[in-house]
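Take a look at the letters that make up each chain.
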Amino acid sequence: MSSILKKIGFKSNAFLIIPIFLFLFLVCCESGNSSLISSPSHREKSGTNPVRLSLHPYKGTVVKNGEEILPFKVLETDKNIALVEMEVPIFTDGKGIELKLSSPGFQNSSFVAKSTADLGEKLIALDKEGVTHRFAGRFKTGVQPKSVRFIDNTRLAIPLLEDEGMDILDIKTGETVRLSPPEKYKKKLGFVETISIPEHNELWVSQMQANAVHVFDLKTLAYKASVDLTGKWSKILLYDATRDLVYCSNWISEDISVIDRKTKTEVRKTDKIGLPRGLLLSKDGKELYIAQFSASNQESGGGRLGIYSMEKERLIDTIGPPGNKRHIVPGPVENKIYVSDMCCSKIEVYDLKEKKVQKSIPVFDKPNTIALSPDGKYLYVSCRGPNHPTEGYLKKGLVLGRVYVIDTSTDTVKEFWEAGNQPTGLDVSPDNRYLVISDFLDNQIRVYRRDGF
């Protein structure tokens, strides 16, 4: 576990105070490892050092070194997160110290400060009682991480809405590489979503403010090509392996660009099909399912789930109740899909054979990205939470967002917990081990480890 938390410290945008004296490097410690740390009562102290770190939650949290309570001073708060300062004992034996944290309604946690050479400000996020996904750490990113995608078991592609490209982050080493297209594109900002195409060694990213998509080498991360689109505000990407095409939903022009993967050119566009967001191909490839965030024809009752015939090249039906559909993923069994509805705080379960909603699962405000675990056991949901009441989603709201875990065998909520400011992007590692979310307005990602892995 120590490897994943290496190099996770940084200064969050939520806290503008720059640490002066830092020495604490915190590593999540299993209870069985606590015997490796000598009892403070049998060791020599050489004084104390002031340390700054972030606690989530901070109200009611108690920090101890052995049986000694370490009082902390709250320097700055952000809802349930606080930047705190405390005096931590310095020991001369080089073995570090163990910090024990407890808070009502949360699981007790132990963290080890291993060396004064390990500098950096940390976030300690306690896990709610009963949850089976443990907070493992946070990593800084560029400005406004819009989405996240695992390109292998530890590396993430993170498009940045207000920055010049996307970050490739290894959650095991903490190493980050910035990928950017040529200058004429990157200065326009607005990077949104990615797809990984391993069979062709390609990583694609959409850039809505340039009306373009860009292609990078999946192994070397070298830039390969850009595709200019005639659609406006390019968003979600989908790869069609049968036809070797890439589809890109265009927000403002309300259509979908069809891109030839080999030639890297837009070969055609659909007609207006309502404001499209998420895309999913049927298993037989005959139908394209479209999450309509709204509809061009408002008489239809707003955004629904659109069904587009690949043979007829037109929208042939819309199903389900009106709303703001955001994202679509396949279920663990045939003819079942999940759709997030941002306006109605729910996940809809569709039976494609019957062409109807089978069940609605209530979640928190503004559900965004959804992802099915590779083993099909869980559906994960990132919920941004309510917008700021007067200034919209680009300013921090009054409460933090949440992450939901839905058991797909019963389609009921298994657990949820509070995350940061507007958790938006979300993905699961191919080995089922890690869940990652992006805290959009905190310019960071959070990593959670699933029990049993």
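No experiment lies behind these values; they were computed from the predicted model shown.

Calculation notes
- Residues numbered from 1 in each chain as written.
- Predicted model: local features only at pLDDT ≥ 70, side-chain atom pairs only at ≥ 80, totals over all residues.
- Heavy atoms only, no water.
- Helix = DSSP H or I, 4+ residues; strand = E, 2+ residues; numbered from the N terminus.
- Buried < 20%, exposed > 50% of the residue type's maximum accessible area, 1.4 Å probe, protein only.
- Contact = heavy atoms within 4.5 Å.
- Core = buried A, V, L, I, M, F, W, Y, C linked by side-chain atoms within 4.5 Å.
- Salt bridge = Lys/Arg side-chain N within 4 Å of Asp/Glu carboxyl O.
- Pairing = 2+ DSSP bridges.
- Axes fitted to C-alpha atoms, helices over the stretch in contact; angles between N-to-C directions.
- Polar contact = N/O pair within 3.5 Å; in protein donor to acceptor, adjacent residues only side chain to side chain.
- Phe/Tyr/Trp six-rings, centres within 6.5 Å; stacked < 30°, edge-to-face > 60°.

S.K.: An account of the overall build of the chain is needed here, citing residue identities and associated values.
M.R.: When its secondary structure is counted, the chain shows one helix and 37 strands. A burial count over the chain gives 57% of its 453 residues as buried. For the chain, restricting intrachain contacts to residue pairs at least 6 apart in sequence, the fraction spanning at least 24 positions comes to 50%.

S.K.: How would you explain the nonpolar core if you had to name every residue and give the values?
M.R.: In this structure, Tyr 380, Val 403, Trp 417, Leu 426, Leu 435, Ile 437 and Tyr 448 are the most contacted members of the largest nonpolar core, which totals 18 residues. At the level of elements, β9 (123–125), β32 (378–383), β33 (402–407), β35 (423–428) and β36 (434–439) are the ones that each hand at least two residues to this core. Within the second largest apolar cluster, 16 residues are counted, among which are Val 63, Met 86, Leu 99 and Leu 101.

S.K.: Pulling in residues and values, what's your account of the pattern of salt bridges?
M.R.: Here the structure, examined in full by the defined rule, presents 27 salt bridges. Across the pair Arg 155 and Asp 152 runs a salt bridge whose closest N-O atoms are separated by 2.7 Å. On the basis of relative accessible area, Asp 152 is assigned to the partly exposed category, the value being 26%.

S.K.: Run through the sheet that holds strand β15 (residues 191–197), naming residues and quoting values.
M.R.: Overall, antiparallel pairing links the four strands, which are arranged β15-β16-β17-β18 in an open sheet. Each edge of the open sheet carries a strand with a single partner, namely β15 and β18 (223–228). Averaged over all adjacent pairs, the angle separating strand axes in this sheet is 20 degrees, with direction ignored. Where β15 lies against strand β16 (residues 202–207), five bridges are found, and the strand directions are antiparallel. Across the sheet, Thr 194 pairs through a bridge with Val 205, a residue of β16.

S.K.: Would you mind going over the environment of Glu 418 in detail, with residue names and values included?
M.R.: Tracing the sequence through the fold places Glu 418 in strand β34 (residues 412–418). According to the relative accessible area criterion, Glu 418 is partly exposed, its value standing at 30%. Sequence separation between Glu 418 and Arg 402 is 16 residues, and the spatial gap between their C-alpha atoms is 4.4 Å. Among residues more than four places away in sequence, those in contact with Glu 418 are His 56, Asn 80, Leu 400, Gly 401, Arg 402 and Arg 446. In terms of polar contacts, Glu 418 uses its side chain to reach the side chain of His 56, at 3.0 Å. Only 2.7 Å separates the side chain of Glu 418 from the side chain of Asn 80, close enough to count as a polar contact.

S.K.: Give a detailed account of the side chain of Ser 109, specifying residues and quantitative values.
M.R.: Examined against the element boundaries, Ser 109 turns out to sit in strand β8 (residues 109–113). Excluding its chain neighbours within four sequence positions, the residues that come into contact with Ser 109 are Leu 99, Lys 100, Leu 101 and Leu 126.

S.K.: Before we move on, could you go through unusual backbone geometry and cite the residues and values that matter?
M.R.: Note that the residue after His 56, namely Pro 57, is joined by a cis bond; omega there is 0 degrees. Following the sequence through the fold, Pro 57 ends up in the loop between β2 (45–56) and β3 (62–65). One non-glycine residue, Leu 221, lies in the positive phi region at around 70 degrees. Along the chain, the position of Leu 221 falls in the loop between β17 (212–217) and β18. What makes Leu 221 buried here is its relative accessible area of 12%.

S.K.: Please set out the sheet that holds β32 residue by residue, giving values where relevant.
M.R.: Each strand in a sheet pairs with another by means of backbone hydrogen bonds, the pair being arranged parallel or else antiparallel. One open sheet holds the four strands; their spatial order is β31-β32-β33-β34, and the pairing between them is antiparallel. Two strands in the sheet have a free side with no partner beyond their single neighbour: β31 (367–372) and β34. Ignoring strand direction, the axes of neighbouring strands in this sheet form an average angle of 20 degrees. Strand direction decides the pairing type here: β32 and β33, joined by six bridges, are antiparallel. Opposite Tyr 380, over in β33, you have Val 405 as the bridge partner.

S.K.: Report on the pairing of strand β24 (residues 287–294), specifying residues and quantitative values.
M.R.: With respect to burial, β24 is a largely interior element, eight of its eight residues being buried. Sheet topology note: the strand β23 (residues 275–281)/β24 ladder contains five bridges and is antiparallel. When the bridges of β24 are listed, Leu 280 appears paired with Tyr 289. Here five bridges tie β24 to strand β25 (residues 303–309), and the two strands are oriented antiparallel to one another. Opposite Ile 290, over in β25, you have Gly 306 as the bridge partner.

S.K.: Please provide a residue-by-residue account of the packing of aromatic side chains, values included.
M.R.: For any pair of aromatic rings, the description rests on two quantities: the centre-to-centre distance and the angle between the ring planes. Throughout the structure, instances matching the rule amount to seven aromatic pairs. When the centroid spacing of 5.8 Å and the interplanar angle of 70 degrees are considered together, the rings of Phe 216 and Tyr 223 count as edge-to-face. By relative accessible area, Phe 216 is classed as buried at 2%. Tyr 223 sits in the partly exposed class, given a relative accessible area of 36%. Each ring, one from Tyr 393 and one from Phe 440, has its centre 6.4 Å from the other, and the planes form 25 degrees; the classification is stacked.

All quantities given are derived from atomic positions and should not be read as evidence of function.
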